[in-house]
Amino acid sequence: MHENVVVVGAAVIRDGAVLAARRTYPQSLAGKWELPGGKVEPGESDKSALVREMHEELGMAVEVGEQIGDDVALDVEKILRVYRVTLLAGEPLLTEHDEVRWLRADQLGEVDWLPGDVVVLPALAAALNAN
Ligand code: C5P
C-alpha cells in the first residue's frame, strides 16, 4: 500500500501580508524561503500538526482556517497542503529559520521560495488581495 506523507504549510496572514520564513537546514535548502510548517505525524490531523509546528518553530499560537490552493506533489511520497492561519498570540521567534518577512501580494516574488511553495503563490496572492 502507498501512503502519502502530508506536509502542511501555514499562510499566516496579518494586515494583508503573509509570513515567509528562510530555512537554515538542510544545507541543500538553506537560504530558501517557505511557508512555515512540516510533516503531519501518524495519527495527527493537518490542523493539529500546523498548530504544533508553528509553536515549535516560531513560538506562535495560531488558529487554522481553510486550505489555500490545491495539494502540490513535492515528490513521489510527499504532498504540500497550505492552510490559511490566523495569529492568536506571539511575534515570530526564530529557532529553525534565520529571517522572516511579511509579504504583500505584490511582494511575493521578492524571495527565493521552495519550488512546492511557488505553485501555491497565485492562490496565495488571490487570498491576500481578497483580505
Ligand atoms: O520542514 P521539514 O523539513 O519537515 O519539511 C519536510 C519537507 O517538506 C522538506 O522536503 C521541505 O522541502 C518540504 N516543505 C515544502 N514547503 C514548505 C514546508 C516544507 O516544500 N512550506
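Heads up: the structure comes first, above all this text.
Within every chain, residues take consecutive numbers counted from 1 along the sequence as written. Only residues with pLDDT of 70 or above have their local features reported here, since the model is predicted, and side-chain atom pairs are shown and tallied only from 80 upward, although totals for entire chains, interfaces and linings are computed over all residues. Side-chain numbers come from the whole structure's heavy atoms, not from hydrogens or water.

Enquirer: If you had to explain the packing of aromatic side chains to someone new, which residues and values would you point to?
Expert: Classification of ring pairs rests on two measures: the distance between centres of Phe, Tyr or Trp rings, Trp counted by its six-membered ring, which must be within 6.5 Å, and the angle between planes, read as stacked under 30 degrees, edge-to-face over 60 and tilted in between. Inspection of every chain in the model, using the stated rule, returns 0 aromatic pairs. In this arrangement the basic side chain of R14 is found over the ring face of W102, its NZ or CZ atom lying 4.4 Å from the centre. Only Lys NZ and Arg CZ are tested; either one counts as a charge over a ring when it is within 6 Å of the ring centre and within 35 degrees of the ring normal. Just above the ring of Y25 sits the side chain of R23; from NZ or CZ to the centre is 4.9 Å.

Enquirer: Which residues make up helix α1 (residues 46–58), and what values do they have?
Expert: Here α1 spans 18 Å end to end across 13 residues, near enough to the 18 Å set by a 1.5 Å rise per residue. Relative accessibility thresholds used throughout: buried, under 20% of the residue-type maximum; exposed, over 50%; partly exposed, between the two (1.4 Å probe, protein chains only). By the criteria applied, helices consist of DSSP H or I runs no shorter than four residues and strands consist of E runs no shorter than two, each listed in order from the N terminus. The set of residues buried in α1 consists of D46, A49, L50, E53, M54, E57 and L58. Down the axis of α1, the buried side of the element spans an arc of 130°, and every buried residue falls inside it. Positioned one or two residues after α1, G59 has a phi angle of 65°, which is positive. An expected span of 1.5 Å times one less than the residue number is assigned to each helix. The directions from the helix axis to the C-beta atoms are what the arc is built from.

Enquirer: Give me the nonpolar core: which residues, what numbers.
Expert: Note that soluble globular proteins tend to have their nonpolar side chains buried in a common cluster. The term nonpolar core refers to a set of buried residues drawn from Ala, Val, Leu, Ile, Met, Phe, Trp, Tyr and Cys, joined through side-chain atoms within 4.5 Å. Among the nonpolar cores identified, the biggest contains 22 residues, and V18, I68, L108, W113 and L124 are the most heavily contacted of them. Elements with a minimum of two residues in this core: β1 (5–14), β2 (17–23), β5 (61–73), β6 (78–89) and α2 (115–130). Counting residues per element, this core draws most heavily on α2, which supplies 6 residues. Those residues in contact with L124 that sit more than four places away from it in its chain are A11, V18, L35, I68 and L108. Formed by 17 residues, the second largest nonpolar core is a distinct cluster that contains V12, V40, Y83 and V85. What makes two residues a contact is simply this: any of their non-hydrogen atoms within 4.5 Å.

Enquirer: Explain the site of the ligand to me, using residue names and the numbers behind them.
Expert: The local shell around the ligand holds 13 residues, among which R23, L29, E34, L35 and D117 are the closest. In the model, an oxygen atom of the ligand is placed 3.0 Å from a nitrogen or oxygen of the R23 side chain. Against a free-state accessible area of 460 Å², the protein chains account for coverage of 83% of the ligand. Of all the secondary-structure elements, those providing two or more residues to the shell around the ligand are β4 (37–39) and β6. Whether a residue is near a molecule or strand is decided by its heavy atoms; if any one of them lies within 4 Å of it, the residue is near. Under the rule applied, a polar contact is a pair of N or O atoms within 3.5 Å (in protein, one hydrogen donor and one hydrogen acceptor; residues adjacent in sequence only if both atoms are side-chain atoms). What sets the accessible areas is the Shrake-Rupley method with a 1.4 Å probe; for residues, cover comes only from the shown protein chains.

Enquirer: Could you give an account of unusual backbone geometry, naming the residues involved and the relevant values?
Expert: With an omega of -20°, the peptide bond between Y25 and P26 qualifies as cis. By the secondary structure assignment, P26 is in the loop between β2 and β3 (33–34). For D15, which is not glycine, the phi dihedral falls at a positive 50°. Mapped onto the elements of the fold, D15 is located in the loop between β1 and β2.

Enquirer: Can you lay out α2 for me, pointing to particular residues and giving the numbers?
Expert: Here α2 is 16 residues long and its end C-alpha atoms lie 24 Å apart, about the 22 Å a rise of 1.5 Å per residue gives. To get the bend at a residue, fit one axis to the 7 residues ending there and another to the 7 starting there, then take the angle between the axes. At L121, α2 shows its maximal bend, which comes to roughly 45°, and the proline P122 appears one to four places after that position. Of all the positions in α2, only G116, D117, V120, L121, L124, A125, A127 and L128 are classed as buried. For α2, the elements touching its buried residues are β1, β2, β3, β5, β6 and β7 (97–103).

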